[in-house]
Amino acid sequence: MIPRAFEYFDPPTLEEAVALLEQHGEDAKLMAGGQSLLPMMKLRMVSPAVVVDLWRVPDLDTIRRDDVVVRIGAMTTHYALQSSEVIRNTLPALADAARVVGDPLVRNLGTIGGSAAHAAHNADYPAVLVALDAELQAVGPAGTRSIVAEDFFIDTFTTCLEPTEIVTEISIPVPGDTECSAYLKLSRRGTDFAIVGVATALTEGEGGRCDDARVVLTGVGDTPVRATEAEEILKAGPLDPERLREAGEAAKRNLDPPSDVQADAQYRVDVSGVYVRRAVAAAWERSQSDVSGLGN
Amino acid sequence: MARTVQATVNGRKYHEENVEPRLLLVHFLRDRLGLTGTHVGCDSTNCGACTVMFNGKAVKSCTVLAVRADGAAITTIEGVADEEQLHPLQEGFWEKHGLQCGYCTPGMIMSALQLLERHPDPDEETVRLELEGNLCRCTGYQNIVEAVLWAAGRLRGASA
Amino acid sequence: MPMIGQSIKRREDLKYVTGSGTYVDDITLPGMLYATFVRSPHAHARLLGVDTGKALEHPKGIDAITGAEAYPLAGPMPVYSYRQATAIKKPDYRCLAHDRVRFVGEPVALVAAADRYAADDVAELVEVRYEPLEPLMDPDESLKPGAPKLHDNLDNNVGLRIERQGGDMEAAYREADFVFKRRYRMHRHTGTPIETRGCIAQYNTGTKELTLHCSTQIPHILKTHLSEILDFPEFKIRVIAPDVGGGFGNKLQVPPEVVALCLMAIKTRRPVKWIETRRESLMAFLHAREQTHDVEIPVKRDGTILGIKSHEIVNAGGYLDARISGPSLGAGMWLPGPYMVKGYQVDIDAVMTNKCPYGAYRGFGSQMGTLVIERSMDLIARQLGRDPVDLRRQNVIKETPYKTVTGHEFDSGDYEAGLDKALEMVDYPALREEQARLRKEGRYMGIGVAMAVEGAGWNTYTAAMAQHYVPTLDYATVTMRMDTSGNVTVLIGDVACGTSHATTAAQVAADATGLPIDTIEVVEGDTAVTPYDSGTRAARFSAVVLPAVAESGMALKKKVCRVGAHLLEGAEEDMEIVEGQVQVRGVPDKSLPVSRVARVAYSEVATLPREIPAGLEATESFKAPVSGLCITWPYSIHIPVVEVDIETGTVKFLRYAIVHDCGVEINPMVVEGQVVGGTAQGVGGALLEELVYDEDGQLLTTSFMDYLIPTATDMPSFEVCHLQTAAPQIPGGYKGMGEGGCVYVYAAVVNAVADAIEPLGVEITSTPLSPSRILELLREAGSNGGKA
């Protein structure tokens, strides 16, 4: 199928891109990798009058790390993330997510900034960004601002960005030596959106205890859902199988997931518990085996 | 607001004027340049029949605007063989019966090209994972996997 | 060295691996327009008006055709019906809707525009007014007394009824100790070739000829039907099927869209191309498989299966596709499976609903009949406390030929030996031990067994209702022509759609003529140059067409030898062709190159005696013997081994073993490709694919994002064992096997999953086995694995 006609701009600078967004307002749609936007345009589900394409803007696809933070350019592709040593070693949950977004061909073009700003309710990154306490940098007419991931996602396909704002960078704190993370996704086929995805970040404490835990689910609400009750349970004592099970059960409570052709709501509730348990176990195992080289 | 696109496709330079912004790369290749080996099998970036190498990366050309090809280097299935000499992947698909109707084959080969660049000595699981973006309805993938493993062996032998 | 039996590389592949294949969309004709269909967004609505005014004001809008305009120009779409069907008036099925729309995606109008992109824009400008009506989505609703009629000319919503019985069902009931009863359901899904439908129609005002380039499995049959529908002389229609990107039975359809496209070509006097989008394809190309069976099986306590009876309901959709009776009857006729039953009875109702019309897809109903009997065998075994393999062994047909209660004669093969071979491949006893061990660990492995005898070369439509032309599949005609340099063209009216004809036909032709295979080329798909043929379908190519290739090859060889005999001054019967030389048998010194013979036959005709005709060409037909519905009887045994994650309902394959027998194999590599490919397609059908409608009749699965065809990681590695029992009735002994594994795989996979979770109190009687569905079954059984 064929997109409806549109006016096209591919400005070479962010400033010009912002100016174009100001000029065209709600009529304009920003394109990063195009791997979500173009299929929707082809199916004529979305038909922007104006497309502002960021592909010519330089330096938006770098991954930099210092002692405290990893900075990821918004136009960094999924493939770049999944194959980055820095990401794999420092933020394993993000690498987990990057390698299961779409398929290898989509991962060559699709970007983390584009995916975050698209804000599909069943996308992989949003849960990971919340779990890893990421901040998103956005530039707009008024300058740059930083948005905490948890505040960024408002609804399905809706973020707190103004129509004139562009995500430029995602920054994620470098985890400490005792921290570990994982993302685990359940989907019909490997290439499909998550039925349920669970991102978790844990801090190992004394005596097999977990001092801090973040557990965030995707696919079960309009935005990433934080399983705070499960987090509390995980922190309350040694991380044994029974505690994991309890955390899983807790994560299922108060969920109100959608039903669709791939799975009904009850299924999503059921497997949410299972996947919380499995994702936490996977992250924990990582911290025990130490192969992830956390914090190095 | 049509544009001009200058691109290098299969080593040849093309200069195409009046490219509508909504023109998809796959239709640019097929309808404008006559390179019909790249196919279309879906509307939703799932099937991979349209896979081409775009600036060194295998991408679905139905999900790239042709205007982005300005200045790009593109390889399509028509540019994979070296003159009359088939690429080992092409030989492998032939040798191992990795195709039946042939419709997905060009895209499959383009994906496999990238697979072997990234994983010169892949195991079966890697081959299957890296071909997840290409759908085949005829073969059940079994002989496609065989074909890629065969070609990998050939290529390693050639570089050894 | 004979070519038959060799796994030679395919002769068609070079073009495909280099991107030089030519599919319909690769063809551009001068002055060509592009067409887009306007389709109904409603499942059921009265059509109040179609206004193409704004569309034609678009600068690139060339023309438009509405249902009202098409109605007098194109007659009803064909329906074939089995002779024992109760004669029912057919729904009035036209190429464009004209009074009511009856499924989402039904074509309402057609626009032609100057280019591909503009056509979509122009189509959006067509204004259609509808009065929505209540849709009927479920046959049970359609059959309720007082349900609104979907077609005014029908008595009710039953589109087709077939009643079949055989053997002595009364005796079966009489002797039974108990009657096993179940309701089985298979869900709606379809073939989805990666190349969608597509066609270019062209009308020549000077010659009054209509030429189509069309992605179809049936160029000749399509031509015949178009002639009927358009009231257009058949000899003025030419259908060319270029490379076809997959068919799977779906492309046996006579597409209403193609009829409308012909009208547009005639109207505009320009070539018009239509390439279906995937969304259109999922909405409005044929759907398949959706059936329910209410089954009764009389059984003796000792495990003897005495008979099988079913009331089969087919969800036929908004109109009857031409082939509605095929998959309907196919399911019914396959109910007794490979077992020695006394009787069978099936009552089939194909019921009108507001879904996409129901048609042919690989397996043609037999996979449903096989699912019913093979699932029942497992459940009966469980009820009797028997091993499912043991129960099969007790009941399976022991000797062939075997006359079945369905009126077939299973021609050859040893089904029990095949079963043994499959059991040996997986080491069945060890698997059962492993299963018991894993269960103690809380892991759920399942072993599925399914076996069947499949029919090749179906001839469902013998003596049908006479209103439409009805193709018959039991004969083929092939022409073989040697050119002036001794090379041979084999002309076949079929068309390959991944089915390797250019290779296997050349192998047979080489052996029949004695000529080197490199000098033989196969040409198919163009009705202007090939003999009439019913098309690529029903696994008939090997069983019916290849014997015709052999006949034709032998006839050509005879002609070559005759000329050769004259030139070598020998007796015709002493001639042979060896490696491109005509020679006196056993005397290589007395020989001539075939090229020399050909030159004489064409250009030195005057030197030949009067009784030797000029030229070297032979046309021969092969008429296959038909037994009941089919011509030959390949068979197969499938044993998949799976593990079910009872917490998520996901199914993982551990192994998949297949034993099959399709008679003499012309090219074992190609055979294995078909077996594996067909099985893979059924794995997708059993586990992943489903065409889902909501209550309002909206299709929810309109892209490959939602309609999940398997990827490389969803497939196991299949292990295939080939048996080769020659078909006794077919010269060469070929049985045909294009249905591949598609007949057996559903039953096998469902049985495997069921076997895995059976200890948890779950019984499976329906598909698809999505993870969500499996968890639901576990939940209902109180064995909810979802507990975290």
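Residues numbered from 1 in each chain as written. Chains lettered and ligands numbered in written order. Predicted model: local features only at pLDDT ≥ 70, side-chain atom pairs only at ≥ 80, totals over all residues. Heavy atoms only, no water.

Points about the packing of helix H18 (residues 668-687) of chain C against helix H19 (residues 745-757) of chain C
Residues and elements named next belong to chain C.
Piece 1. H19 packs onto H18 with a crossing angle of 50 degrees between their chain directions and a minimal axis gap of 8 Å. Between H18 and H19, the angle is such that the two are oblique. In this structure, the crossing between H18 and H19 has a hand that is right-handed. Along its contact with H18, which presents Gly-678, Thr-679, Gly-682, Val-683, Gly-685, Ala-686 and Leu-687, the element H19 presents Val-745, Tyr-746 and Val-749.
Piece 2. In the contact of H18 with H19, the residues fall into six nonpolar, four polar and no charged. (Axes fitted to C-alpha atoms, helices over the stretch in contact; angles between N-to-C directions. Helix = DSSP H or I, 4+ residues; strand = E, 2+ residues; numbered from the N terminus. Parallel < 35°, antiparallel > 145°, perpendicular 65-115°, else oblique. Left-handed = near helix turned anticlockwise from the far one by under 90°. Contact = heavy atoms within 4.5 Å. Nonpolar A, V, L, I, M, F, W, Y, C, P; charged D, E, K, R; others polar.)

Focus on the nonpolar core
Piece 1. Among the nonpolar cores identified, the biggest contains 249 residues, and Leu202(A), Phe93(B), Leu212(C) and Ile757(C) are the most heavily contacted of them.
Piece 2. Ranked by residues supplied to this core, first place goes to H19(C) with eleven residues.
Piece 3. The residues touching Leu202(A), leaving out its near neighbours within four places in the chain, are Thr178(A), Glu179(A), Cys180(A), Cys210(A), Asp212(A), Ala213(A), Leu234(A), Leu239(A), Val280(A), Ala283(A) and Trp284(A).
Piece 4. Ranked by size, the runner-up nonpolar core spans 55 residues in total, among them Met480(C), Ala598(C), Ile612(C) and Ala624(C). (Core = buried A, V, L, I, M, F, W, Y, C linked by side-chain atoms within 4.5 Å. Buried < 20%, exposed > 50% of the residue type's maximum accessible area, 1.4 Å probe, protein only.)

Observations regarding the layout of surface pockets
Piece 1. The space that makes up the second largest pocket amounts to roughly 1,600 Å³.
Piece 2. Surrounding the second largest pocket, 47 residues form its lining, Gly190(A), Leu129(B), Glu132(B), Thr713(C) and Asp714(C) being those nearest its centre.
Piece 3. Counted by class, the lining of the second largest pocket contains 19 nonpolar, ten polar and 18 charged residues. (1 Å grid on protein atoms, 1.4 Å probe; cavity = no way out; pocket = protein on both sides within 12 Å on 5 of 7 lines; lining within 4 Å. Points joined across faces, edges and corners; volume = space filled by probe spheres on them.)

Observations concerning the sheet that holds strand S3 (residues 50-53) of chain A
Backbone hydrogen bonds hold the strands of a sheet together, and the pairing may be parallel or antiparallel.
All names here are of chain A.
Piece 1. Taking strand neighbours across the sheet as the criterion, the three strands line up as S1-S3-S2 in an open arrangement whose pairing is parallel. Since the sheet does not close on itself, it has two edges, and those belong to strand S1 (7-9) and strand S2 (28-31), each with one partner. Taken pair by pair, the neighbouring strands of this sheet meet at an average axis angle of 20 degrees, ignoring direction.
Piece 2. Where S1 meets S3, three bridges bridge the pair, whose relative direction is parallel. Within the sheet, the bridge partner assigned to Glu-7 lies in S3 and is Val-50.
Piece 3. Strands S1, S2 and S3 of the sheet are contacted by helix H1 (residues 14-24), whose axis makes an angle of about 165 degrees with S3. (Pairing = 2+ DSSP bridges.)

A closer look at helix H2 (residues 88-95) of chain B
Along an α-helix, residues three or four apart share an orientation, since each turn contains 3.6 residues.
Piece 1. Most of H2(B) is tucked away, with six of its eight residues classed as buried.
Piece 2. His97(B), located one to two residues past H2(B), shows a positive phi value of around 55 degrees.

Some remarks on the pattern of salt bridges
Piece 1. Scanning the model with the defined rule gives 94 salt bridges over all chains in all.
Piece 2. The salt bridge partner of Arg30(B) is Asp26(C), with a shortest N-O separation of 2.7 Å. Of this pair, Arg30(B) sits in helix H1 (residues 25-32) while Asp26(C) sits in the loop between helix H1 (13-17) and strand S1 (33-39), on two different chains. In this pair, the class of Arg30(B) matches that of Asp26(C), namely buried.
Piece 3. The closest approach of N and O atoms between Asp92(C) and Arg94(C), which form a salt bridge, is 2.8 Å.
Piece 4. For Arg94(C), a relative accessible area of 14% corresponds to the buried category.
Piece 5. One salt-bridge network, held together by shared partners, links Arg4(A), Arg44(A), Glu20(B), Arg22(B), Asp121(C) and Glu124(C). (Salt bridge = Lys/Arg side-chain N within 4 Å of Asp/Glu carboxyl O.)

A closer look at the interface of chain B and chain C
Reports of interface size often rely on the accessible area that becomes lost once the parts have come together.
Piece 1. Between chain B and chain C, the residue contacts involve 44 residues of the former and 53 residues of the latter.
Piece 2. For the chain B and chain C pair, buried surface summed over both sides reaches about 4,200 Å², with 55% attributable to carbon and sulfur atoms.
Piece 3. For Arg116(C), the salt bridge identified is with Asp31(B), shortest N-O distance 3.0 Å.
Piece 4. Counting the contacts that link chain B with chain C gives 30 residue pairs in polar contact (both at pLDDT 80 or more).
Piece 5. Taken together, the elements giving at least two residues each to the side of chain B that touches chain C come down to H1, H2, helix H3 (105-118) and helix H4 (124-130) of chain B.
Piece 6. Among the elements that make up the side of chain B that touches chain C, the one with the highest residue count is H2(B) (four residues).
Piece 7. Grouping the constituent residues of the side of chain B that touches chain C by class yields 18 nonpolar, 15 polar and eleven charged. (Buried area = accessible area lost by both parts, 1.4 Å probe. Polar contact = N/O pair within 3.5 Å; in protein donor to acceptor, adjacent residues only side chain to side chain.)

Here we look at the interface of chain A and chain B
Piece 1. Residue-level contacts link 34 residues of chain A with 33 residues of chain B.
Piece 2. Note on chain A versus chain B: buried area summed over both sides is about 2,800 Å², and carbon and sulfur give 57% of it.
Piece 3. Seen at the junction of chain A and chain B, the total is four salt bridges.
Piece 4. Note that Arg68(B) is salt-bridged to Asp53(A), the shortest N-O span being 2.7 Å.
Piece 5. Linking chain A with chain B are twelve residue pairs in polar contact (both at pLDDT 80 or more), by the criterion used here.
Piece 6. Only S1, helix H2 (37-42) and helix H6 (104-109) of chain A provide two or more residues apiece to the side of chain A that touches chain B.
Piece 7. When residues in the side of chain A that touches chain B are grouped by element, the largest group, five residues, is from H6(A).
Piece 8. Residues that form the side of chain A that touches chain B fall into these classes: 18 nonpolar, seven polar and nine charged.

Remarks on the pairing of strand S14 (residues 291-299) of chain C
All names here are of chain C.
Piece 1. Burial analysis of S14 places seven of its nine residues in the buried class, the great majority of the element.
Piece 2. Taken together, the nine bridges between strand S9 (residues 178-186) and S14 define a ladder with antiparallel strand orientation. Paired with Phe-178 across the two strands is Val-299, which belongs to S14.
Piece 3. Both S14 and strand S15 (residues 307-317) contribute to a ladder of six bridges, which runs antiparallel. Residue pairing in the sheet places Glu-296 in a bridge with Lys-309 of S15.

Regarding the domain arrangement of chain C
Residue and element names in this part refer to chain C.
Piece 1. Parsing chain C into structural domains produces domain 1 (13-133 + 191-284), domain 2 (291-458 + 628-780) and domain 3 (475-623).
Piece 2. The centre of domain 2, based on its C-alpha atoms, is set 41 Å off from the matching centre of domain 3.
Piece 3. At the junction of the two partners, domain 2 supplies 18 residues and domain 3 supplies 17 residues.
Piece 4. Both sides together, the interface formed by domain 2 and domain 3 hides about 1,300 Å², and carbon and sulfur atoms give 67% of it.
Piece 5. Between the two partners, domain 2 and domain 3, sit zero salt bridges.
Piece 6. Where domain 2 touches domain 3, the interface holds four residue pairs in polar contact (both at pLDDT 80 or more).
Piece 7. Residue classes in the side of domain 2 that touches domain 3 are distributed as nine nonpolar, six polar and three charged. (Domains from an automatic or database assignment.)

Some words on the domain arrangement of chain A
Residue and element names in this part refer to chain A.
Piece 1. Segmenting chain A into domains produces domain 1 (7-53), domain 2 (63-173) and domain 3 (179-289).
Piece 2. Taken together, the contacts link twelve residues of domain 1 with 16 residues of domain 2.
Piece 3. Summed over both sides, the interface of domain 1 with domain 2 buries roughly 1,100 Å², with 80% coming from carbon and sulfur.
Piece 4. The tally of links from domain 1 across to domain 2 stands at zero salt bridges.
Piece 5. Our count for the contact surface shared by domain 1 and domain 2 stands at zero residue pairs in polar contact (both at pLDDT 80 or more).
Piece 6. The greatest single-element share of the side of domain 1 that touches domain 2, amounting to five residues, is contributed by H1.

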